[in-house]
Amino acid sequence: MQDIDSFDRKILSVLAEQGRVSWRELGDRIGLSLTPTLRRVRRLEADGYIEGYEARLSEPKLGGHMSVFVSISLGRQASDTLMTFDRSILELPEVMECYLMTGDADYLVRIVVNDLPHYQTVVDRIAQIPDINHIKSSFSLRPVVQRRSPLLR
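To keep things clear, this report deals only with the structure shown in the data block. On a predicted model such as this, the values are computed, not experimentally measured, just so you know.

Calculation rules
- Residues numbered from 1 in each chain as written.
- Predicted model: local features only at pLDDT ≥ 70, side-chain atom pairs only at ≥ 80, totals over all residues.
- Heavy atoms only, no water.
- Helix = DSSP H or I, 4+ residues; strand = E, 2+ residues; numbered from the N terminus.
- Buried < 20%, exposed > 50% of the residue type's maximum accessible area, 1.4 Å probe, protein only.
- Contact = heavy atoms within 4.5 Å.
- Polar contact = N/O pair within 3.5 Å; in protein donor to acceptor, adjacent residues only side chain to side chain.
- Pairing = 2+ DSSP bridges.

**With respect to the environment of Glu45**
Mapped onto the elements of the fold, Glu45 is located in helix 3 (residues 34–46). Classification of Glu45 by relative accessible area gives partly exposed; the value is 26%. Between the alpha carbons of Glu45 and Met96 there is a distance of 25 Å; along the sequence they are 51 residues apart. Apart from residues lying up to four places away in sequence, Glu45 is in contact with Ile50 and Tyr53. Among the polar contacts listed, one links the side chain of Glu45 to the side chain of Tyr53, at a separation of 2.7 Å.

**Description of the pairing of strand 1 (residues 66–74)**
Where burial is concerned, most of strand 1 is hidden: seven out of the nine residues are buried. The pairing of strand 1 with strand 3 (residues 107–113) spans seven bridges and is antiparallel. Note on strand 3: the bridge partner recorded for Met66 is Val113. Two strands pair when backbone bridges link them, and strand 1 and strand 4 (residues 132–139) are joined in this way by seven bridges, in the antiparallel orientation.

Encoded structure:
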């Protein structure tokens, strides 16, 4: 992988915010003509800086308007227990993100629900996963920062 320069950073910044921008507009916004812009984008893709393009879907319209962060502790951290949890949590469509953590909890899960009764049904399903020891939930009041990519310096 080679280093990226200021043009590459501009390309990444524009694409992170507006992935459907035309190549010509992208070139205009970063100050390069079409051919060098395309060459740079292809190189950034090949070098793994761009992993793909996707549509941002509306969580409130499709999943629910409440984000809940759920900290989950397991009874033990054996590999079979972790694998069982990983497989089980994938089956819940309300789960938007799940991270294996260090610290007080083994997992941090972000779920999206419509309301408190919906939240209760999801937590009830999570509680049925084997070896769950403790579940603690925190409700998001509002997002402060929601980046789609790391800050480019």
